[in-house]
Amino acid sequence: MPDRELSDPLDALREQIPLLQTHAYLANCSQAPLARPVRAALEGFLTTWSEDGMDWEIWMAEVERARSAFAALIGASPEQIAVGTSVSQLVSSLASALVQDSQLLSRRIVSSVAEFPGVAHAWLATRAAGWQVEQLEADERGVVSAEQFHAALQQTPPSLLSLPHVCYANGALLPLDELVEDAHERGAYVFVDAYQSIGTVPINVQSTPVDFLAAGTLKYLCGTAGIAFLYVSPRVQAELKPTITGWFGRQNPFAFDARLLDYAPGAARFDLGTPPVINAYTARAGMELILQTGVERIRAHVLHLSTLAQELGQQLGLTLAGPVDPAKRGATTAFDVGSPERAHQLEAILRQQNIVVSARGQIVRSAPHGFTREEEIRHALTTLADLAKKA
Ligand SMILES: Cc1ncc(COP(=O)(O)O)c(C=O)c1O
């Protein structure tokens, strides 16, 4: 495969990350490395706290900037975005609203084992309210296919179809457009967990009209844990009254009215307590960095690196899990190394050699970003294959 020069914005992104001078960093499916603007944002928070003690106006403005940056990433507007502390928390709030909604056509969710557990568990918890949750099983490569979701939609139509855009375990990428169209024709809402795709796979809720979409920022958005966002389509917002709620979900939180449980008009009805201010600083800076770099550009580069990883992995005798076709994967290329112990051991040994990958179960995940270079993939996979041979 011919070597390809990185275009400028990708170089500029790389320049912002000091760790890349010493490490081949391929664990972006778990946590992206610290970028200078993110550090500066965090220090900005510390400055206001240290110099002013409290500065709620500025802190809340930063939360709103983070909300707007997330909205910009998915083609939404800020009032369509709720701010929470984790995807699990936001999905639990959403589930609490769905089970209250008497207008829904059934009390059934179609989900799958490809779902991140925190999301799957929030759906499973609706069984306590009498809901049925169907979890589609994966094939021998760990993939739950689009065809399986279509087939499940044809049976008793669910109220909700839950889709992991990119599977955390093996990188499998679902074709959202056709699934959203099918689900909507049958009257089902669509929830998308975009945690593993956002920042590396373009998403636009105008052209792909999902009903709900959630993600946090610590992976490809270059932020930290402790903040997450939920897009709620304006088509459905008004119906939903989460019982997992808090004072920031009110029409006017600053009315401080303990007697009044009203719901904010937009997605903010899913906001809970005092927002995650510190994390909003890092999230905003990380998302702006990705917006400046351009998600389309990152996708093209990552696709190129995934092709390289798949071809090289095969040449080196590594066992690929998940879809073979790089176009059917997000940023992750997954290698099956036989056992969870082996995967974690390999992760630790590679780490000692300044190669950062991420183990999940018996899989070692190579997850590049827009800042990754071809030689880093080559170095990491060659070292991984050498180690894997030494049983
Ligand atoms: C696809 C996906 N969803 C959700 C999560 C985690 O969500 P939470 O914010 O609840 O920890 C992860 C994190 O690893 C993930 O990969």
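In this report, we go over the structure that sits alongside the text. What you see is a predicted model, and the numbers here were worked out from it, not measured in a lab.

Pairing in this open sheet of four strands is antiparallel, and the strands run 9-10-13-12 from one edge to the other. On the outer flanks of this sheet lie strand 9 (320-321) and strand 12 (358-360), each paired with one strand and no other. Sheet topology places strand 10 (residues 333-336) next to strand 13 (residues 363-366); four bridges connect them, and they run antiparallel. Paired with Ala334 across the bridge in strand 13 is Arg365.

What follows covers the pairing of strand 13. Covered by surrounding structure in strand 13 are Ile363 and Arg365 together with Val364 and Ser366, the residues of both alternating faces. In textbook terms, the turn of a hairpin is the stretch between consecutive antiparallel strands, and for strand 12 and strand 13 this stretch comprises two residues, one of which, Gly361, has a positive phi near 55°.

So, about the site of the ligand. Around the ligand, a shell composed of Ser86, Val87, Ser88, Phe116, Tyr168, Asp193, Tyr195, Gln196 and Lys219 is seen. Here a nitrogen atom of the ligand and a side-chain polar atom of Asp193 are 2.6 Å apart. At 2.8 Å, a side-chain N or O of Gln196 approaches an oxygen atom of the ligand. Considering the ligand on its own, with 400 Å² of exposed area, one finds that the protein chains cover 84% of that surface.

Take the sheet that holds strand 6 (residues 189-193) next. One open sheet accounts for seven strands, arranged 2-8-7-6-5-3-4; its pairing is mixed. At either end of the open sheet lies a strand with only one pairing partner, and these are strand 2 (81-84) and strand 4 (132-136). On average, each strand axis in the sheet is inclined to that of its neighbour by 20°, with strand direction left out of account. Pairing geometry for strand 2 and strand 8 (residues 228-232), over four bridges, is antiparallel. Residue pairing for strand 8: Val83 is matched across the bridge by Phe229.

Before going further, it helps to examine a nonpolar patch on the surface. Together, Trp247, Phe254 and Phe256 make up a nonpolar patch on the protein surface, roughly 360 Å² of accessible area in all. Inspection of the secondary structure puts Phe256 in the loop between strand 8 and helix 8 (277-293). The exposure class assigned to Phe256 is exposed, which follows from its relative accessible area of 60%.

In total, this model carries 13 salt bridges according to the counting rule given. Across the pair Arg373 and Asp11 runs a salt bridge, and its minimum N-O distance is 2.9 Å. Of this pair, Arg373 sits in the loop between strand 13 and helix 11 (374-389) while Asp11 sits in helix 1 (residues 8-15); the two residues are 362 residues apart in sequence, bridging distant segments of the chain. A relative accessible area of 27% places Arg373 in the partly exposed class. Taking relative accessible area as the criterion, Asp11 reaches 23% and is therefore assigned partly exposed.

Here is what the cut-offs are and how they apply
- Residues numbered from 1 in each chain as written.
- Predicted model: local features only at pLDDT ≥ 70, side-chain atom pairs only at ≥ 80, totals over all residues.
- Heavy atoms only, no water.
- Pairing = 2+ DSSP bridges.
- Helix = DSSP H or I, 4+ residues; strand = E, 2+ residues; numbered from the N terminus.
- Buried < 20%, exposed > 50% of the residue type's maximum accessible area, 1.4 Å probe, protein only.
- Near = heavy atom within 4 Å.
- Polar contact = N/O pair within 3.5 Å; in protein donor to acceptor, adjacent residues only side chain to side chain.
- Areas by Shrake-Rupley, 256 points an atom, 1.4 Å probe, with all protein chains shown as cover.
- Axes fitted to C-alpha atoms, helices over the stretch in contact; angles between N-to-C directions.
- Patch = residues over 30% accessible without salt bridge, like charges linked within 9 Å, V, L, I, M, F, W, Y side chains within 5 Å.
- Salt bridge = Lys/Arg side-chain N within 4 Å of Asp/Glu carboxyl O.

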